[in-house]
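# A closer look at the structure
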Amino acid sequence: MPMKAVVCGCGAMAKGWLRALAETPALKGAVEIVGLVDVDLSAAEALAEEFSLTDAVTGSDLNAVLEATRPDLVFDVVVPSARHHVVGTALGYGCHVLSEKPMAASLEEAEDLIVLARQAGRIHAIVQNRRFISGVRRMRRVVETGALGDLTGIHCDFFIGPHFGGFREQMDNVLLLDMAIHTFDAVRFVSGKAPLAVYCHESNPPGSWYRHGAAANAIFEFSDNVVFTYRGSWCAEGARTSWESAWRVIGTKGTLLWDGADKLDAHVVSGETGFLREVSEIEVPGPSREADTHGHASVIQGFLSAIRAGVAPETDGNDNIKSLAMVFGAIESARRRERVTIAA
C-alpha cells in the first residue's frame, strides 16, 4: 500500500518534489498525495490542478488538513522561518517528516526538532539533494579507497549571480543559510570528517541585489587536521561556476578536481625524485550505488526505505544538524569577526 502524504508549502520548490514522485519508476505508486497546504490557498489549489491531484484535500490550515487526511508523511517545503512550527505540528500528528533545507532557522530550533522526533518515535530527515549526485558520490568513493592518501584539504569555489526575486533577496545571511549549506553538507559527506571550528568573513558586495550576506569566505577546521575553505558569491556575474561548486580535494598522495558538472580528474604522485615529482592520472570510479545519484528522487526513496526498515536515513536530523552547525558557526564568526568553535 502507498504511504499517504501531505505537502506543506506549495510554491515552486514543491513542484520538484512532485515531479520526482511522478517521474521516478521506483517511486511510482509508493506515495499518495492526500493533502496540499499553503498559507495562500490558491497556490495549493493551483498545484493540485497542475499535477492532477483531484482527490487531494487543499487548505491553508495544516492542522485541519492533517485532521482530514491522517497521513503517514508530511513533505515540508515551507520557508525556513515556518519550519519549526510545521515539523513540530506534523510530528505531533504522528507523521514522519521530510523537510527542505535548512533543517531549522536556528540551532536551538533544530535541537528541539530532534527531541520532538525522538519523543514521537518518528523520522525527521532533510532534503540535502545535492549530496545525491554522481560527482559527490564519486569523490567520496575516491577518498574512501585511499588513492589520494590521507586527506589534508578540500577547497570549494561557488560563484553565480541568480536573480530569484521573492524571500531570498530579503533574507539575512542568504548565501550561507540558503545555499552554502549544500556545499558544507557535501564536504562532510565526502571527507567523512567532523567540523570543529570556523573563521568566516561575510559581505554584501557593491551592486548586490540581495539585502544581506550575498558573499562569504570561510576557513573550516575539520578532524584529523583537514582544512576546508569556501569562497562564494550569489551576486557574481560573468563567469559562473556550477551550482555544485568547483572542487579541489587534496591528499598526501595526490589531488582530485571536480568542475561541479561531468569532469573529474585525479592525479597521484608516481615519481620519487625531482623538484616537482612526476604525477600520473588515475581512474575516478563510478558511484557505489547508481540509485543514490538522482537528487530529490534518491532522497525521497531513501526516506521511504528507512521508514519501512525502522532505521535512520542518511540525512536524518541527528546527522544533518552537523551541517547546519557549520552554517551557524560561519554566521557567528562573521558577526563576531573571530574564530568560532562548532559545537554540534
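Analysis parameters
- Residues numbered from 1 in each chain as written.
- Predicted model: local features only at pLDDT ≥ 70, side-chain atom pairs only at ≥ 80, totals over all residues.
- Heavy atoms only, no water.
- Helix = DSSP H or I, 4+ residues; strand = E, 2+ residues; numbered from the N terminus.
- Polar contact = N/O pair within 3.5 Å; in protein donor to acceptor, adjacent residues only side chain to side chain.
- Contact = heavy atoms within 4.5 Å.
- Buried < 20%, exposed > 50% of the residue type's maximum accessible area, 1.4 Å probe, protein only.
- UniProt positions renumbered as here; feature names shortened; annotations may be inferred.
- Phe/Tyr/Trp six-rings, centres within 6.5 Å; stacked < 30°, edge-to-face > 60°.
- Lys NZ or Arg CZ within 6 Å of the ring centre and 35° of its normal.
- Expected span 1.5 Å × (residues − 1).
- Bend = angle between axes of the 7 residues up to and from the residue.
- Core = buried A, V, L, I, M, F, W, Y, C linked by side-chain atoms within 4.5 Å.
- Domains from an automatic or database assignment.
- Pairing = 2+ DSSP bridges.
- Axes fitted to C-alpha atoms, helices over the stretch in contact; angles between N-to-C directions.

## Quick notes on the side chain of Asp292
- Within the secondary structure, Asp292 sits in the loop between β14 (279-282) and α8 (296-309).
- A polar atom in the side chain of Asp292 sits 3.0 Å from the side chain of Arg289.
- Sequence-distant contacts of Asp292, defined by excluding residues within four places in its chain, comprise Phe132, Ile133, Arg137 and Ser298.

## Remarks on unusual backbone geometry
- That bond from Lys101 to Pro102 is cis: its omega, -5 degrees, falls within 30 degrees of zero.
- Considering the arrangement of structural elements, one finds Pro102 in the loop between β5 (96-99) and α5 (107-120).
- Unlike most non-glycine residues, Asn173 shows phi in positive territory, near 50 degrees.
- Inspection of the secondary structure puts Asn173 in the loop between β7 (151-159) and α7 (174-191).
- Positive phi values are uncommon outside glycine, yet Asn225 reaches one of about 60 degrees.
- Along the chain, Asn225 turns up in the loop between β9 (215-222) and β10 (227-233).
- By relative accessible area, which is 73% here, Asn225 ends up exposed.

## Focus: the UniProt feature "domain: Gfo/Idh/MocA-like oxidoreductase N-terminal" (unreviewed entry) in the protein
- UniProt annotation of "domain: Gfo/Idh/MocA-like oxidoreductase N-terminal" (unreviewed entry) refers to residues 4-123 when read in the numbering used here.
- Across residues 4-123, helical content stands at 45% and strand content at 19%; the span's end C-alpha atoms are separated by 15 Å.

## Quick word on the packing of aromatic side chains
- For the coordinates displayed, the defined rule picks out twelve aromatic pairs.
- Both rings, one in Tyr210 and one in Trp234, keep their centres 5.9 Å apart while their planes meet at 10 degrees; by these two values the pair is stacked. Within this pair, whereas Tyr210 is found in the loop between β8 (195-203) and β9, its partner Trp234 is found in the loop between β10 and β11 (246-251), the two being separated by 24 residues in sequence.
- You can call Tyr210 buried: its relative accessible area is 4%.
- The exposure class assigned to Trp234 is buried, which follows from its relative accessible area of 1%.
- A ring pair is formed by Phe220 and Phe228, whose centres lie 5.5 Å apart and whose planes are at 15 degrees; its orientation type is stacked.
- Counting every residue linked through ring pairs, the aromatic cluster contains Phe158, Phe164, Trp209, Tyr210, Trp234 and Trp243.
- Across the ring face of Phe132, the terminal group of Arg137 is positioned such that the distance to the ring centre comes to 4.5 Å.

## Some words on α7
- Between its terminal C-alpha atoms α7 stretches 25 Å, which fits the 26 Å expected from 18 residues at 1.5 Å a residue.
- Its maximal kink placed at Ala180, α7 deviates by approximately 60 degrees.
- Of all 18 residues making up α7, 18 are buried, and the element is well covered by its neighbours.
- A positive backbone phi angle near 70 degrees is found at Gly192, which sits one or two residues after α7.

## Here's the deal with the nonpolar core
- Ranked by size, the top nonpolar core spans 78 residues in total, and within it Phe220, Phe228, Trp247 and Leu256 carry the most contacts.
- It is α7 that provides the largest number of residues to this core, a total of twelve residues.
- There are two domains that each give this core at least three residues, and those are domain 1 (3-126) and domain 2 (133-288 + 324-341).
- Setting aside its immediate chain neighbours within four residues, Trp247 contacts Met139, Ile154, His155, Cys156, Thr183, Ala186, Val187, Val190, Leu256, Leu257 and Trp258.
- Among the nonpolar cores identified, the runner-up in size contains 36 residues, and Val31, Leu53, Ile300 and Ile307 belong to it.

## Re the sheet that holds β14
- With mixed pairing, nine strands are arranged side by side in an open sheet as β14-β13-β12-β11-β7-β10-β9-β8-β15. Here the strands that pair on one side only, and so sit at the sheet edges, are β14 and β15 (340-341).
- Here β11 pairs with strand β12 (residues 254-258) via four bridges, running antiparallel. Residue Ile250 lies in a different strand from β12, and its bridge partner there is Thr255.
- Across the face of the sheet, helix α6 (residues 134-145) comes into contact with β7, β11, β12 and β13 (264-269) while running at roughly 175 degrees to β12.
- Sitting on the sheet, α7 touches β7, β8, β9, β10 and β11, and the angle it makes with β10 is about 150 degrees.

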